[in-house]
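Fold and geometry: a report
Okay, here's what each chain looks like letter by letter:
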Amino acid sequence: MGFVFGQWIMHKVLLVVLMVVYSGFSSNVVSSIVEARPEVVNIGALLSLDSSIGKVAKVAIEAAVEDVNRNQSVLGTTKMQLTMRDTNYSGYMSMLEALSLMGSEVVAIIGPQFSVTAHFLSHIANELRVPLLSFAATDPTLSSLQYPFFVRTTHSDIFQMAAIADIVDYYGWRAVTAIYVDDDHGRNGIAALEDKLAERRCKISYKAPFSPNVNQPSEISDVLYKVALMESRVIVVHAYPDKGLQVLKQARHMEMMSAEYVWIVTDWLSAKIDTNSPLATEDMDDIQGVITLRMHTPNTKEKSKFVSGWSNLASRKAAGGTFGLNSYGLYAYDTVWLLAYAIDAFLNQKGNLSFSYDPGLSELQRKNLHADALRIFDGGNLLLKSILQVNFTGVTGSIKFSDENLIHPAYEVINVIGTVFRRIGYWSNHSGLSVEIPEEIYKKTPSNPNSRQQLYSVIWPGQTVVKPRGWVFAHNGRRLRIGVPNRVFYHEFVSVEANNMFSGYCIDVFTAALNLLSYAVPFDFVAFGDGHNNPNTTELLRLISVGVFDAAIGDISITTDRARMVDFTQPYIESGLVVVAPVRKLNSSAWAFLRPFTPMMWLVTAVFFLVTGVVIWILEHRINGDFRGPPRRQIVTILWFSFSTLFFSHKEKTMSTLGRLVLIIWLFVVLVLNSSYIASLTSILTVEQLSSSIKGIESLVSSNDPIGYQRDDCSKALQDGPQKGGVAAVVDERAYIELFLSSQCEFSIVGQEFSKNGWGFAFPRDSPLAVDMSAAILKLSEGGELQRMHDKWLLGSPCRLEGAKEDANRLHLKSFWVLFLFCGIAFVLALIAYVIKIIREFAKHCSEELEGSTSRSSPSAHLQTFLSFLDEMEDDVKSRPKRRRMAPKASSRIIDANTSRNSDYVESSIVALEV
């Protein structure tokens, strides 16, 4: 047992010696125990010191470490010890230098600078739990859950690509060409751009990758030559600064910086110019009119202080001379402070600055790969958590993580003009494109970003302020193949001759629209179909979507399903579905005078005639002797008066004010009805009318009659009808039916058009030619040329003009209901006023009748008295009280005379008795 233990001790001692000899590092066998507040914390940095970003980041990182160590308010007496390694643009060197740093027991590594390196180093960081804080690796895929120990301390390219997509959409371009370096950085960035463009119904029409190791200008020329053959003239370049400038230099040499091109480059150009400003005159000439982006950082006092001292820092720390400060340098500076705050929080939580042997490396050790120097950072998880919880204000503004990305991503949109940058606006994920500073927008209430998209004017390549169209016809020698349906009939629309000549209304409209475009369109018509059977229009459109045809013209209806396959132009002819059926002529008959009004109109008119007579009779009965007499005479008077107003020949005079008012209103209604009736009857008797038992699509749906649709000439099927194996009606597009009816007078359109659509020219989805052709068609319509072409091909014989619609010019109640309503209201108001007047008069009459009488009448007696009152002449009622007042005086005189006579008789009788 003791011997075995002794051997075990010797093996351990030997292992330690070999490790020290091989790697030059000293570490304990089990772990390196550090004090709770160590004097030194080791951090590393991986940079390419010869690059525009790397040399600026070196100065910024060293300055930040000095500032942190000088400021004891963060780490106290603990100092950050920086070990910086130069990867020299090499992925291989990046891996070796990273392994070397991790073997030196650093708690975190600032970097790597390149996304390619970050991908494979993140796997090692995951295993050893050493956080990687990169201020320059912007590949969006590095944010995935696959790389938990990769922390991006700058903004992801997902936001930069969203900004570019918004720019493309803002100027109305639908397709771009992407030139990019063919590595993880380039491919994944362009993939993010493709997704953002798709969200805005735009696309990358052509991808042009080039090798990261390209050295010869001819290699870039080959890529650009293929780009020049493509249709899109909006070109996005996503590369590294030096390679990107080579692309632009070669593009200018190939005359691809002319007025028809748009060049949008990612923020590598702004980083290059900020670092090496001013660029050589030749280099500036290569980028004139280019749009680029720059990460936006607020103008804080921390930033102002750092920028003002940059020249001194660069001259003191850079061996190769001074250079400018770019935005990546600002984020590199803040990355050191971010790490310092995280280490302070880590130490405050009693974080363990110890490293353990990785059992997973034992197999490599047995294979003599000497990986035992790599140790697991025991406090890695806690430090990573502390990093993601940091919240402070640095030289780039607020540093805080949300979903593992820095908050408030924003970019400046820059136009290169002359020797300077011209800022034409900003982009942020909060507001989209705007000319307002993002910090000001953050303070406002969030709204729809698309509602305020705005940029200042741009000077484009070629020194023009006119927005480029963004596309041309591809210079690959191929002419557009325009599919034309070769139909069996209706050659007035499209006709394919034996010698492959094309003519017709649709052909004329298409060529006239092309002539209005500001550019030439090389094309060839290609017949689709054999001419013996009508081709399938949907199949023709499908062939456009798969690239067999570049467009299709002809009698092609725009429908919802078809619009999902292709893009249509503005309709150049309206053509909804209609019903055509056999019709017969309506000859004049003895009852033709009834046809101007509908039955309901006749009924309502007759009712109002009678009501008018009754109302006038009520208003005039008590004061006008013309409206009195026996009941039979009064009924005849009502009827006579009512219908005589039709000819304004009534002889009865109206005496009451209400009666005259009612009569004036009614005579106005009669005047309108009379004039309308005469006009309609004249039209009916002078224009030949057509009639059909089918009234429209509704009557077809409710019947069991067979319905046809056109495959060839349908006149025989319509003439035969259902009884002889034909059809009751045919349903088809109005354009076809109108052309058919121009020579078939025995048929007509019945009912209303029950669907609305039109014909248009079809192009592939998102084709810019479809937009330009739509504008050209509108110009043809506004100038009257479209109508002239229509008359030339489709006017035909005047036969179709003879048939009138089935529904003749009959007058409906809905045309006069307001007039009748107004008249009815006048009647009601007049009657109400009359009733009030009568009630008051009757009440007065009753009070005079009952004056001095002690007897009370029953309700039935009152009603009888009221009816008698209504029937009496008003003058008789008024004179009766006067006669009654005279009657008592006469009676008193008679009584006095009788009394005197009686007294004389009594006196004579007494005298006689006495005798």
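Residues numbered from 1 in each chain as written. Predicted model: local features only at pLDDT ≥ 70, side-chain atom pairs only at ≥ 80, totals over all residues. Heavy atoms only, no water.

**Concerning the overall build of the protein chain**
Helices and strands together make up the secondary structure of the protein chain, namely 32 helices and 33 strands. Residues classed as buried in the protein chain amount to 48% of the 915 residues present. Residue pairs at least 24 apart in sequence account for 74% of intrachain contacts in the protein chain once pairs closer than 6 positions are excluded. In the structure as shown, the protein chain presents an accessible area of about 45400 Å², 57% of it carried by carbon and sulfur atoms. (Helix = DSSP H or I, 4+ residues; strand = E, 2+ residues; numbered from the N terminus. Buried < 20%, exposed > 50% of the residue type's maximum accessible area, 1.4 Å probe, protein only. Contact = heavy atoms within 4.5 Å. Areas by Shrake-Rupley, 256 points an atom, 1.4 Å probe, with all protein chains shown as cover.)

**With respect to the environment of Trp-173**
Summarising the element assignment, Trp-173 is placed in the loop between α6 (157-170) and β6 (175-181). Apart from the residues lying within four places of it in its own chain, the contact partners of Trp-173 are Ile-167, Val-168, Cys-202, Val-234, Val-262, Trp-460, Lys-467, Pro-468, Arg-469 and Gly-470.

**Thoughts on the pairing of strand β19 (residues 480-485)**
Counted residue by residue, β19 has five buried out of six residues, so it is predominantly covered. Bridging between β19 and strand β22 (residues 523-528) involves six bridges; their strand directions are parallel. Each bridged residue has a counterpart across the sheet, and for Arg-481 the counterpart in β22 is Asp-524. Of the strand pairs in this sheet, β19 and strand β23 (residues 551-552) are connected by two bridges, and their pairing is parallel. Among the inter-strand pairings, Gly-483 is bridged to a residue of β23, identified as Ala-552. (Pairing = 2+ DSSP bridges.)

**Points about the packing of helix α14 (residues 327-348) against helix α16 (residues 380-388)**
Contact geometry of α14 with α16 gives a least axis separation of 8 Å together with a crossing angle of 125°. It follows from the interaxial angle that α14 and α16 lie oblique. At the point where α14 passes α16, the crossing takes the right-handed sense. Residues Leu-338, Leu-339, Ala-342, Ile-343, Ala-345 and Phe-346 of α14 lie in contact with α16, whose contacting residues are Leu-382, Leu-383, Ser-386 and Ile-387. When its residues are assigned to classes, the contact of α14 with α16 shows nine nonpolar, one polar and no charged. (Axes fitted to C-alpha atoms, helices over the stretch in contact; angles between N-to-C directions. Parallel < 35°, antiparallel > 145°, perpendicular 65-115°, else oblique. Left-handed = near helix turned anticlockwise from the far one by under 90°. Nonpolar A, V, L, I, M, F, W, Y, C, P; charged D, E, K, R; others polar.)

**Some words on the sheet that holds strand β2 (residues 79-86)**
The parallel open sheet is built from five strands, whose spatial order is β2-β1-β3-β4-β5. In this open sheet, the two strands that pair with only one neighbour each are β2 and β5 (150-152). Mean inter-strand twist for the sheet, computed between neighbouring axes without regard to direction, equals 25°. Relative to β5, strand β4 (residues 132-134) runs parallel, the two being bridged by three bridges. Within β5, the residue paired with Ser-134 across the bridge is Arg-152. Contacting β1 (40-47), β2, β3 (108-110) and β4, helix α4 (residues 91-103) runs over the sheet at an angle of about 180° to β1.

**What to know about the side chain of Thr-154**
Counting through the fold element by element, Thr-154 comes out in the loop between β5 and α6. On the accessibility criterion, Thr-154 (1% relative accessible area) is buried. Residues within four places of Thr-154 in sequence aside, it is in contact with Ser-134, Phe-135, Ala-136, Thr-138, Met-295, Tyr-328, Tyr-331 and Leu-406.

**Some words on the environment of Ile-638**
Position of Ile-638 relative to the elements: it lies in helix α22 (residues 631-644). Spatially, the C-alpha atom of Ile-638 lies 7.7 Å from that of Leu-610, the residues being 28 residues apart in sequence. Residues in contact with Ile-638, not counting those within four places in the same chain, are Gly-613, Val-614 and Trp-617.

**Re α6**
Between its first and last C-alpha atoms α6 spans 20 Å; for 14 residues at 1.5 Å apiece the expected length is 20 Å, and the two agree. Of all the residues in α6, the buried ones are Asp-157, Phe-159, Gln-160, Met-161, Ala-162, Ala-163, Ile-164, Ala-165, Asp-166, Ile-167 and Val-168. Of the residues trailing α6, Gly-172 is marked for its positive phi of about 80°. (Expected span 1.5 Å × (residues − 1).)

**Quick word on a nonpolar patch on the surface**
A surface patch of nonpolar side chains, about 780 Å² in accessible area, is lined by Trp-817, Val-818, Leu-821, Ile-825, Val-828, Leu-829, Ile-832 and Ile-836. Along the chain, the position of Ile-832 falls in helix α30 (residues 817-849). (Patch = residues over 30% accessible without salt bridge, like charges linked within 9 Å, V, L, I, M, F, W, Y side chains within 5 Å. Salt bridge = Lys/Arg side-chain N within 4 Å of Asp/Glu carboxyl O.)

**Let's talk about the side chain of Asp-166**
Note on placement: Asp-166 falls in helix α6. Only 2.5 Å separates the side chain of Asp-166 from the side chain of Arg-200, close enough to count as a polar contact. The contact partners of Asp-166, leaving out residues within four places of it in the chain, are Arg-200, Trp-427, Gly-432, Leu-433 and Gln-453. (Polar contact = N/O pair within 3.5 Å; in protein donor to acceptor, adjacent residues only side chain to side chain.)

**Some words on the nonpolar core**
Ranked by internal contacts, the top residues of the largest apolar core, which has 111 residues, are Met-80, Val-107, Phe-135, Trp-310 and Ile-343. Counting residues per element, this core draws most heavily on α14, which supplies 14 residues. For Val-107, the contacting residues outside a window of four places in its chain are Val-41, Asn-42, Ile-43, Val-130, Pro-131, Ile-343, Leu-353, Phe-355, Phe-377 and Leu-383. (Core = buried A, V, L, I, M, F, W, Y, C linked by side-chain atoms within 4.5 Å.)

**Quick look at the sheet that holds strand β18 (residues 432-434)**
On the basis of which strands lie adjacent, the open sheet formed by eight strands has the order β7-β6-β8-β9-β10-β16-β17-β18 and mixed pairing. The two strands at the open ends of the sheet, each matched to only one other strand, are β7 (203-210) and β18. Between one strand and the next, the sheet's axes are offset by a mean angle of 30°, whatever the strand orientation. Bridging between strand β17 (residues 420-428) and β18 involves three bridges; their strand directions are antiparallel. Bridged to Tyr-426 within β18 is Ser-434.

**Remarks on the pattern of salt bridges**
Taken as a whole, this structure holds 34 salt bridges when the rule is applied. Of the charged contacts in the structure, one is a salt bridge between Glu-440 and Lys-443, with a shortest N-O distance of 3.7 Å. Owing to a relative accessible area of 37%, Glu-440 belongs among the partly exposed residues under this scheme. In this structure, Arg-734 and Glu-753 form a salt bridge, with 3.7 Å as the shortest nitrogen-oxygen distance. Taken together, the residues span a long stretch of sequence, with Arg-734 in helix α26 (residues 734-741) and Glu-753 in the loop between β31 (747-750) and β32 (758-759) at a distance of 19 residues. According to the relative accessible area criterion, Arg-734 is partly exposed, its value standing at 23%.

**Here we look at the environment of Gln-719**
Among the secondary structure elements, Gln-719 is positioned in helix α25 (residues 715-720). Sequence separation between Gln-719 and Glu-746 is 27 residues; the distance between their C-alpha atoms is 8.7 Å. With residues up to four places along the chain from it excluded, the contact list for Gln-719 reads Glu-746 and Phe-747.

**Digging into the packing of helix α2 (residues 52-70) against α14**
It is the contact of α2 with α14, at a shortest axis distance of 8 Å, that shows an interaxial angle of 35°. In this structure, α2 crosses over α14, and the sense of that crossing is right-handed. Facing Ile-53, Val-56, Ala-57, Ala-60, Ile-61, Ala-63, Ala-64, Val-65, Asp-67 and Val-68 of α2, the residues of α14 in contact are Tyr-328, Gly-329, Ala-332, Tyr-333, Val-336, Trp-337 and Ala-340. Of the residues in the contact of α2 with α14, the class split is 15 nonpolar, one polar and one charged.

**Re unusual backbone geometry**
Following Gly-111, the chain continues to Pro-112 via a peptide bond in cis, the omega torsion being 0°. Tracing the backbone through its elements, the reader meets Pro-112 in the loop between β3 and α5 (115-128). Of the consecutive residues Ser-277 and Pro-278, the connecting peptide bond is found in the cis state with omega at -5°. Structurally, Pro-278 can be placed in the loop between α10 (268-276) and α11 (281-285). For Glu-105, which is not glycine, the phi dihedral falls at a positive 60°. With respect to the helices, strands and loops of the structure, Glu-105 is situated in the loop between α4 and β3. Of note in the backbone geometry, Glu-404 takes a positive phi value of approximately 65° without being a glycine.

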